[in-house]
Structure formats: structure tokens, C-alpha cells
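Below, each chain spelled out in residue letters.
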Amino acid sequence: MTEPARKDDELALDPDLGFDAAADTDADSAIAIAVVGMSGRFPGAPDLHTYWANLRDGVCSLTDFTEAELLADGADPEEPRRPEYVPVKGYLAGADRFDADLFGFNRTEAAALDPQHRLLLETAWAALEDAGQDPLAVTARTGVYVGGSPTEHMLAAQTDRALAASLGEMQVRILTDREFLAPWISYRLGLEGPSLTVQSACSTSLTAVHLAAQALLLGECDTALAGGVSVDTVRRQGYVHHAGGIFSPDGRCRPFDEQAGGTVPGSGVGVVVLRRLSDALADGDPVRAVLRGSALTNDGATKVGFTAPGVEQQTAAIVEAWSAAGLAPSAAQYVETHGTATELGDRIELAAATAAFTTGGAPDTPIGIGSVKSNIGHLDAAAGVASFIKAVLMLEHATLAPTVNLTTPHPELALDATPFRVVDRTAPWPRPAEGPRRAGVSSLGIGGTNVHVVLEQAPDRPTPTAPQAPRPATTEFLPLSARTEEALTTLAARLATALRAPDAPSLTDTAHTLRTARTPLDVRAYVLAAHPEQAADRLSALAEGRPADNREEAPDPEADGLRELRELGELWLKGGSVPWPEPAPHARRVSLPTYPFEPRSFGALTLPRPGTTARADTPEDTGPAASARDDLTRAVSALLAEALGLDDKTPPAPETTYFSAGGDSLTAVHLVGRLRDDFGIDVPITLFLEELTLQELAARVVETKEAVEAGGADEGAGAEDSLDALLAEFEAE
């Protein structure tokens with residue numbers, strides 16, 4: 001573990017693996033973790049392609065809000081006019097939107113589900129697809145390690161009596177509390193490894209990466225999702241600057257700069273997929289970078305206050321991480337810092353990093369440093385994964401992205417006396433004379449939890465040792481599927497663009513990935529093509545709503561093979577399970593455009609603004625005027641529709657049953673309570689287990705009330721016993 005990395009001329013290539021096999025044979029590879037997939041949404045960037053373009057081009061993605069925008073989103077009219085109010089944020093557009101149908105949530109559940117849960121579910125799905133995995137058919141034991149921030153939605157939900165009465169307090173909690181961020185991903189995607197919600201304040205998501213890597217090394221799982229999310233509110237909202245506080249007075253974050261005055265809050269989400277490097281190489285995974293080592297410390301009491309950072313344990317985290325990687329810290333060419341641009345934070349972080357990166361000797365050339373907070377703001381629980389993904393993208397593209405908003409280095413930091421230089425412009429990142437490109441990433445949490453990870457560029461793919469004859473073009477089968485026609489055409493357009501890109505994957509790898517790493521959905525199409533240009537043209541036809549012309553213009557020597565492919569195509573279009581042919585030799589799963597979600601706005605709960613009262617949905621009047629049988633039946637039917645998330649403008653079909661409408665035992669518990677509280681009707685929980693249509697169910701509820709009022713059998717005791725028994729079962733689980 002402490003052996004130095006081998007030089008390039010010592011590495012041997014194994015053509016059977018399809019990668020530089022040195023990392024697999026090197027003693028250090030026993031503790032190496034591959035980053036095989038990533039997905040994220042950050043201010044100004046709905047995907048990682050845009051995120052990288054913004055970073056590379058030095059874009060500041062912080063949003064300056066107009067007063068009209070703030071007022072439209074519910075700001076106190078006096079607040080934006082206060083001199084200390086800064087109308088800026090790293091704003092995440094569309095944070096209230098969610099593809100609920102894809103993940104099996106009805107309308108009521110999706111509206112109650114915290115926006116952080118919604119975003120993490122979609123991001124986890126996309127990250128698995130990027131890793132070459134079918135999100136609903138991951139075969140390896142897969143762990144989930146994620147964390148989030150407190151949200152306005154969660155606070156509003158848990159103090160909303162009307163919502164608790166509508167859904168039940170337990171249901172509100174599991175749909176909104178951040179402790180259920182990881183379990184929801186595991187449940188909806190069927191992942192059976194460890195599932196932990198991690199919390200260490202601002203270092204949460206990088207702590208999650210560290211814990212996921214440790215779990216892989218310990219054998220607790222074979223694949224791990226790690227990351228975090230932070231959406232304190234979906235509203236456009238600035239912040240109040242306090243002198244001496246952590247927030248910038250002018251809405252710009254300038255780490256290590258003379259004009260540094262603090263950070264700017266932001267929202268975002270990021271998830272990475274990790275595997276042991278040896279497994280990733282053996283399985284042909286699309287390795288994007290290698291995590292060579294990581295470490296976690298806490299400042300303890302060695303600092304001036306609880307919220308203050310400390311030098312000693314920040315240094316220890318860095319040194320331990322590089323030691324775990326079997327490397328000297330001076331082997332780094334770049335460090336992505338926490339970099340909040342606060343006077344105390346930057347000074348202490350730079351002092352700690354200087355002590356760490358001169359351990360064992362100063363580097364031969366200055367190490368570049370930077371902070372993504374200058375681009376997107378401080379993402380709180382998602383800050384670490386935003387930095388991690390930035391570092392991976394720079395390693396992939398062999399390019400150093402600049403820290404923005406800089407003018408002059410801060411004189412009190414004395415950067416010239418450190419081993420660092422601030423990267424303030426885009427620059428190539430050449431491979432060092434010895435060893436690969438390497439970077440460190442730091443994340444520091446209020447309360448003292450420090451994390452540092454060591455990243456390395458992905459192993460090189462081999463070059464043939466002898467010239468090989470070109471292989472004849474082979475017709476490939478590219479299957480596509482989505483939940484709707486609109487999503488299918490969007491997916492086809494994105495794939496066409498990807499295949500026309502200069503760095504497009506081979507058609508063989510594209511076909512292999514689409515066949516093995518995508519969830520088969522109901523709306524389907526396919527393309528047959530012999531080369532990428534032909535595939536792109538036919539995909540474009542699908543994107544424009546035209547059928548793909550899968551005919552060959554000339555006689556094909558593989559006519560029998562084409563006939564078989566078309567037979568598979570017909571089976572695919574019918575929705576059947578397709579016996580795909582064996583993949584071509586050396587076919588690999590590659591990174592392709594991920595599923596085009598079709599999110600719609602489900603809003604978010606908000607806390608009452610000054611001078612207003614909290615939202616309160618009151619049940620329908622149940623006084624004497626509503627006691628007639630028909631009125632009560634309509635009221636009970638409305639309650640059933642509300643609990644099941646049915647559209648009140650489109651009545652369900654007469655044959656719709658409670659279970660076919662999405663009902664389950666937890667919703668039944670809620671309905672038993674609502675019927676008792678709102679209408680004074682006690683029904684047994686077993687009533688919801690019968691195969692009744694919704695109309696029959698409403699009628700039976702009313703009949704139960706009439707029977708009790710007429711002096712018939714007392715249903716209340718049985719209902720209470722059944723409810724208590726079911727609640728006891730939930731508690732036991």
C-alpha cells in the first residue's frame with residue numbers, strides 16, 4: 001500500500017482487459033476504486049455536459065434575481081429593499097419538477113415528496129445508466145450512501161396539521177425527512193446493499209464517497225452510489241449579509257482573492273457510481289477516474305470554536321488520504337479546495353494544505369488549486385460531490401478549469417510562500433513525465449468533519465501491439481425504449497447527437513450498451529445500422545417522428561443475419577423479452593445519453609411569510625347538511641381520490657379497484673384514521689383488502705356508518721384492533 005506508483009515505462013498492457021492492466025497488477029490496485037458513472041444537476045447546468053462546458057469556459061453560474069422575481073416567489077415586499085439583502089443564489093432551475101410516473105408515485109405522494117428526494121431518485125437512475133447499468137436490474141450488491149440538507153418543504157410539511165390529517169404523520173415523515181433519502185433510492189431501484197443517509201454538514205457528500213469506498217474495500221457491497229443533494233427551497237431567494245458572517249456582501253464568491261468576502265448559497269445534486277477497480281476492469285465498465293485513497297478526520301476541540309476550522313486535523317486528513325493511496329502528497333498536480341472565500345476559512349485551509357503537501361518534501365512545480373464555489377456557490381450537503389465531479393471531469397478532459405471572479409491574490413495568504421498557485425484561467429493539463437494526472441479534493445464541514453480524497457486519471461486503453469486488418473462493417477441493432485412517445489423521440493435525438501460527436505463511441509459499444517444497460521420500457525423503437533453516420537441519420541428520423549428506414553440499399557452478404565435482426569426487432573416492438581445475440585468481441589459498455597425524464601411541476605411546500613398564516617386545508621363540512629347518504633358517499637369518494645392521488649377532473653373507470661388505483665396497506669391506515677376523524681366512521685382495515693371497486697368501497701363505508709347508527713354490529717372495536725395490529729407491524733419493521 002505504501003509502494004510508489006510505477007513509471008509509465010514499467011506498465012504492461014493486457015489486451016484481453018481492454019484497459020491498461022497495470023493498475024490491476026500493481027500492488028496499490030488492491031485499494032483502488034473506479035468511478036464508473038456520474039450524474040448531476042448544478043446551477044446553470046441541467047446535466048454534466050453543460051456543467052463541464054461552464055467550468056471549462058469560466059462561467060459564473062450564480063443568478064442575480066430581480067425584485068419582481070423575488071416578489072413573485074413570495075418574498076416579503078420589504079425584504080429585497082433592505083441594504084443588507086443580497087438577491088443572488090446558485091439557483092437550480094426546475095427543482096420542483098419530477099417524473100413521478102417513472103418511479104411509481106401517485107400525484108398526492110409526489111406532491112408531498114421532498115424535492116431533494118425527487119432529485120436524488122432521478123440522479124441515481126441517470127448515474128447508473130452512465131455507469132452502463134440497467135437501473136432496475138443491477139445484479140451486484142449495491143449500496144447507497146447519500147446525504148441532504150434541511151429544506152423548507154420538510155419543515156413546512158412536518159408542521160402542517162392539514163397535511164398530517166390528509167396523509168398521516170408517518171407517511172409525511174417518510175416522504176419528507178432527509179433520513180429516508182437513501183432508503184427511497186434502494187427501495188425504488190431494488191438495491192439490496194447497505195443504505196445509509198450520511199450527515200456531516202458541508203462535507204456530507206464527500207464523506208458519503210469516502211464511506212462508500214470503504215464499504216467496497218470491506219466487501220460490504222460490490223457497487224456503490226454516493227453523493228448528496230441540497231435544495232433548501234425551490235423559490236428564488238437571496239440572503240442577508242451580516243458583517244463578519246460567511247456570506248459574501250456582493251453576491252460573488254472569490255476564494256483566495258484580495259476581494260474575498262464570503263460564499264454564496266446554492267442548490268444542486270450529484271451522484272457517482274463506484275466499484276472496485278479490479279471488478280470494473282474485469283467487467284468492461286466505463287472507468288472515468290480512479291479513487292486511490294481517502295481519509296476522514298474531525299477537529300475535535302483543537303480549534304477556537306465549534307464552527308471554526310482547525311489546521312491540525314485538516315492536515316491529517318490530507319496526509320492520511322495520500323498515504324492510503326501509497327503516494328506522497330507532492331504527487332498531486334491539482335487540489336480542489338473547500339474554498340469558501342471567508343477570511344478565516346481560506347487562511348486555515350491554505351495553512352493546513354501547505355503543511356500537508358510539503359510533507360516529505362515540496363513539489364517540484366507549484367500545485368494548482370481552485371474552488372468550484374466561485375462558479376456555482378456553496379451547495380452545503382452537495383458541495384463535496386460538486387467538487388469531486390469537477391475534478392473527475394478535469395482529469396477526463398486533461399484540462400484545468402479556472403476559479404472565477406478573481407482579481408488579485410490575497411496578500412495576507414502569502415501564496416508565494418506556499419506550494420500552490422490559483423488556477424485562474426483554462427489551461428491544458430498534460431500528463432506528468434512520471435505517473436498519471438492526479439488531484440486531491442477537500443471538503444470541510446461545520447462541526448469539524450474534514451474529508452480528503454485522492455483521484456487519478458483512468459487507466460489508458462491499450463494500443464494494439466501489431467497492426468490488425470480492418471474488420472468488415474457489421475450491422476448493429478440499437479434498441480430504444482421510453483415511457484412515452486415524447487421521451488422516445490427526445491432520446492433518439494440525443495443519441496443521434498452523441499454518435500455525430502468527434503469523440504463518439506463505436507457503434508458496437510453503443511449497441512451493446514443499449515441492449516444491456518437500459519431498462520426496457522413500454523414505448524419502443526429500434527435502428528439497424530452499419531456505421532455511426534447511418535445510425536445517427538436513422539435516429540434523427542425517429543426524433544422527427546418518422547419511421548427509421550432500416551433497409552439496406554445494396555445486397556448484404558449477411559442477409560441471413562439481417563433477417564434475424566429484424567425478427568428480434570419485431571419481438572422488441574411487441575414488448576417481449578429479447579434473446580440478444582452474444583456481444584461482439586471486446587464490446588464494452590460506454591457512457592451514452594441517459595434517460596430523458598419527463599418531469600412535471602409538483603411544487604413544494606413553503607413556510608408562511610411574515611404577516612400570513614400557514615396553509616390549512618380543511619375537510620368538507622360534515623354537519624347536518626351533509627348527512628344525507630348521497631352527499632356522504634360523494635365526500636367519502638373524494639377522500640379516496642385524494643388519498644390515491646386521482647385526478648379530480650377525470651373520474652376513474654367504474655372497474656377501478658383500490659389496489660389498481662395504487663392503494664396499499666399504509667394508505668389504508670391513513671384512510672381508516674381520516675374516516676374516523678373527518679366523518680366519525682369506524683371501518684375495519686380489512687375492508688381495504690377486499691376486491692372492491694372504488695364506488696363499492698365508498699358505498700360499503702357509508703353502509704357501515706348507517707349500520708352502527710341503526711344499532712347493528714359495532715365495527716369500531718374491530719377497526720381499532722386491526723389498525724393497532726397493523727401499526728404494531730410497521731413499528732416492528
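Keep in mind the model is a prediction, meaning the values are calculated, not measured.

Tallying secondary structure elements over the chain gives 24 helices and 21 strands in all. Expressed as a percentage of its 733 residues, the buried residues of the chain come to 54%. The contacts of the chain with a sequence gap of at least 6 include a subset with a gap of at least 24, amounting to 78%. For the chain, the accessible surface area stands at approximately 31,200 Å², while carbon and sulfur atoms represent 53% of it.

This paragraph deals with the nonpolar core. Membership of the largest hydrophobic core comes to 82 residues, with the highest contact counts inside it found for Phe-98, Phe-103, Phe-105, Ile-185, Leu-225, Leu-478 and Leu-539. Here this core takes 8 residues from helix 6 (residues 115-130), the largest share from any one element. Leu-539 has contacts with Leu-478, Leu-480, Ala-492, Leu-495, Ala-496, Leu-499 and Val-527, leaving out every residue within four places of it along the chain. Of all hydrophobic cores here, the second largest spans 49 residues; its members include Val-198, Val-272, Val-392 and Val-451.

A few words on empty space enclosed by the protein. Once rolled over the atoms, a probe with the size of a water molecule shows which space is left empty. Here the structure, examined in full by the defined rule, presents 7 cavities of 30 Å³ or more. Approximately 110 Å³ is the volume attributed to the second largest cavity. For the second largest cavity, the full set of lining residues is Trp-125, Glu-129, Pro-479, Leu-480, Ser-481, Leu-491, Leu-514, Arg-518, Thr-519, Leu-521, Thr-594 and Tyr-595. Elements represented by at least two residues in the lining of the second largest cavity include exactly helix 6 and strand 19 (476-482). Here the lining of the second largest cavity takes 3 residues from strand 19, the largest share from any one element. Its residues placed into classes, the lining of the second largest cavity shows 7 nonpolar, 3 polar and 2 charged.

Let's shift gears to the pattern of salt bridges. Scanning the entire structure with this criterion turns up 35 salt bridges. Residue Arg-275 is joined to Asp-285 by a salt bridge in which the shortest nitrogen-to-oxygen separation is 2.6 Å. You can see Arg-275 sitting in strand 10 (residues 268-276) and its partner Asp-285 sitting in the loop between helix 12 (277-283) and strand 11 (289-298), a full 10 residues away along the chain. The closest approach of N and O atoms between Arg-500 and Asp-537, which form a salt bridge, is 3.0 Å. On the criterion of sequence distance, the pair formed by Arg-500 in helix 17 (residues 485-500) and Asp-537 in helix 19 (residues 532-543) is long-range, its members being 37 residues apart. Of the residues examined, Asp-537 reaches a relative accessible area of 47% and is grouped as partly exposed. Ionic contacts of the salt-bridge type, sharing partners, join the residues Asp-99, Asp-101, Arg-483 and Glu-598 into one network.

This brings us to the packing of aromatic side chains. Scanning the entire structure with this criterion turns up 19 aromatic pairs. Centroid distance Trp-322 to Phe-357: 6.1 Å. Interplanar angle 75 degrees. Geometry classified as edge-to-face. Placement of Trp-322 in helix 13 (residues 311-324) and of Phe-357 in helix 14 (residues 343-357) is noted, with a sequence separation of 35 residues between them. Residue Trp-322 shares its accessibility class with Phe-357, and that shared class is buried. For Lys-303, the ring lying beneath its charged end belongs to Phe-306, and the centroid distance is 5.7 Å. Directly above the ring of Trp-572 sits Arg-524, whose terminal nitrogen or CZ lies 4.2 Å from the centroid.

What follows deals with helix 6. Between its terminal C-alpha atoms helix 6 stretches 22 Å, which fits the 22 Å expected from 16 residues at 1.5 Å a residue. Burial analysis of helix 6 places 16 of its 16 residues in the buried class, which makes it a mostly covered element. Taking the backbone nitrogen of Gln-116 as reference, a side-chain oxygen 2.8 Å away marks Asp-114 as the first, capping residue of helix 6. One or two steps after helix 6, the chain reaches Gly-132, where phi turns positive at roughly 80 degrees.

Structurally, the position occupied by Arg-41 is in strand 1 (residues 33-41). Arg-41 gets classed as buried once you look at its relative accessible area, which sits at 18%. Each residue touching Arg-41, except ones within four places of it in the same chain, is listed here: Pro-46, Leu-92, Leu-119, Glu-122, Thr-123, Gly-268, Val-269 and Phe-597.

A few words now on the packing of helix 6 against helix 10 (residues 181-189). The geometry of helix 6 relative to helix 10 is characterised by a closest axis approach of 10 Å and an angle of 50 degrees between their N-to-C directions. Classed by the angle they form, the pair helix 6 and helix 10 counts as oblique. As helix 6 runs across helix 10, the sense of the crossing is right-handed. Residues Gln-116, His-117, Leu-120, Leu-121, Ala-124, Trp-125 and Leu-128 of helix 6 form the contact with helix 10, whose participating residues are Leu-181, Trp-184, Ile-185, Arg-188 and Leu-189. Counted by class, the contact of helix 6 with helix 10 contains 9 nonpolar, 2 polar and 1 charged residues.

Turning our eyes to something else, we now look at the pairing of strand 18 (residues 449-457). Among the 9 residues in strand 18, 9 count as buried, and that is most of the element. Judged by which residues are buried, strand 18 turns out to be covered on both faces: Thr-449, Val-451, Val-453, Leu-455 and Gln-457 on one side and Asn-450, His-452, Val-454 and Glu-456 on the other are all buried. Pairing of strand 11 with strand 18, which is carried by 9 bridges, proceeds in the antiparallel orientation. By the bridge assignment for strand 18, Val-290 is matched with Glu-456.

Before going further, it helps to spend a moment on the packing of helix 13 against helix 14. It is at 8 Å that the axes of helix 13 and helix 14 come closest, and there the two elements cross at 40 degrees. In terms of axis orientation, helix 13 runs oblique to helix 14. At the point where helix 13 passes helix 14, the crossing takes the right-handed sense. Facing helix 13, whose interface residues are Val-311, Gln-314, Thr-315, Ile-318, Val-319 and Trp-322, helix 14 presents Ile-348, Glu-349, Ala-351, Ala-352, Ala-353, Ala-355, Ala-356 and Phe-357. Residues belonging to the contact of helix 13 with helix 14 are distributed by class as follows: 11 nonpolar, 2 polar and 1 charged.

Within the element layout of this structure, Ser-294 appears in strand 11. At a separation of 2.7 Å, a polar atom in the side chain of Ser-294 contacts the side chain of His-210. Excluding residues within four positions of it along the chain, Ser-294 makes contact with His-210, Gln-214, Ala-321, Ala-324, His-452 and Val-453.

Let's shift gears to the sheet that holds strand 18. Taken together, the 11 strands give an open sheet; going across it, the order is 7-6-8-10-1-11-18-17-12-13-15, and neighbouring strands pair in mixed fashion. This sheet does not close on itself; its edge strands, each paired only once, are strand 7 (195-197) and strand 15 (420-422). Taken over all neighbouring pairs, the strand axes of this sheet differ in orientation by 25 degrees on average, direction set aside. Here 8 bridges tie strand 1 to strand 10, and the two strands are oriented antiparallel to one another. Residue pairing in the sheet places Gly-40 in a bridge with Gly-270 of strand 10. Sheet strands touched by helix 13: strand 11, strand 17 (438-444) and strand 18. Its angle to strand 11, the strand with the most contacts, is close to 145 degrees.

This next bit is on unusual backbone geometry. The backbone phi angle of Phe-256 is positive, close to 65 degrees, even though this residue is not glycine. With respect to the element layout, Phe-256 can be found in the loop between strand 9 (239-240) and strand 10. The class for Phe-256 is buried, based on a relative accessible area of 3%. The phi angle at His-586 is positive, at roughly 70 degrees, despite the residue not being glycine.

Calculation rules
Residues numbered from 1 in each chain as written. Predicted model: local features only at pLDDT ≥ 70, side-chain atom pairs only at ≥ 80, totals over all residues. Heavy atoms only, no water. Helix = DSSP H or I, 4+ residues; strand = E, 2+ residues; numbered from the N terminus. Buried < 20%, exposed > 50% of the residue type's maximum accessible area, 1.4 Å probe, protein only. Contact = heavy atoms within 4.5 Å. Areas by Shrake-Rupley, 256 points an atom, 1.4 Å probe, with all protein chains shown as cover. Core = buried A, V, L, I, M, F, W, Y, C linked by side-chain atoms within 4.5 Å. 1 Å grid on protein atoms, 1.4 Å probe; cavity = no way out; pocket = protein on both sides within 12 Å on 5 of 7 lines; lining within 4 Å. Points joined across faces, edges and corners; volume = space filled by probe spheres on them. Nonpolar A, V, L, I, M, F, W, Y, C, P; charged D, E, K, R; others polar. Salt bridge = Lys/Arg side-chain N within 4 Å of Asp/Glu carboxyl O. Phe/Tyr/Trp six-rings, centres within 6.5 Å; stacked < 30°, edge-to-face > 60°. Lys NZ or Arg CZ within 6 Å of the ring centre and 35° of its normal. Expected span 1.5 Å × (residues − 1). Polar contact = N/O pair within 3.5 Å; in protein donor to acceptor, adjacent residues only side chain to side chain. Axes fitted to C-alpha atoms, helices over the stretch in contact; angles between N-to-C directions. Parallel < 35°, antiparallel > 145°, perpendicular 65-115°, else oblique. Left-handed = near helix turned anticlockwise from the far one by under 90°. Pairing = 2+ DSSP bridges.

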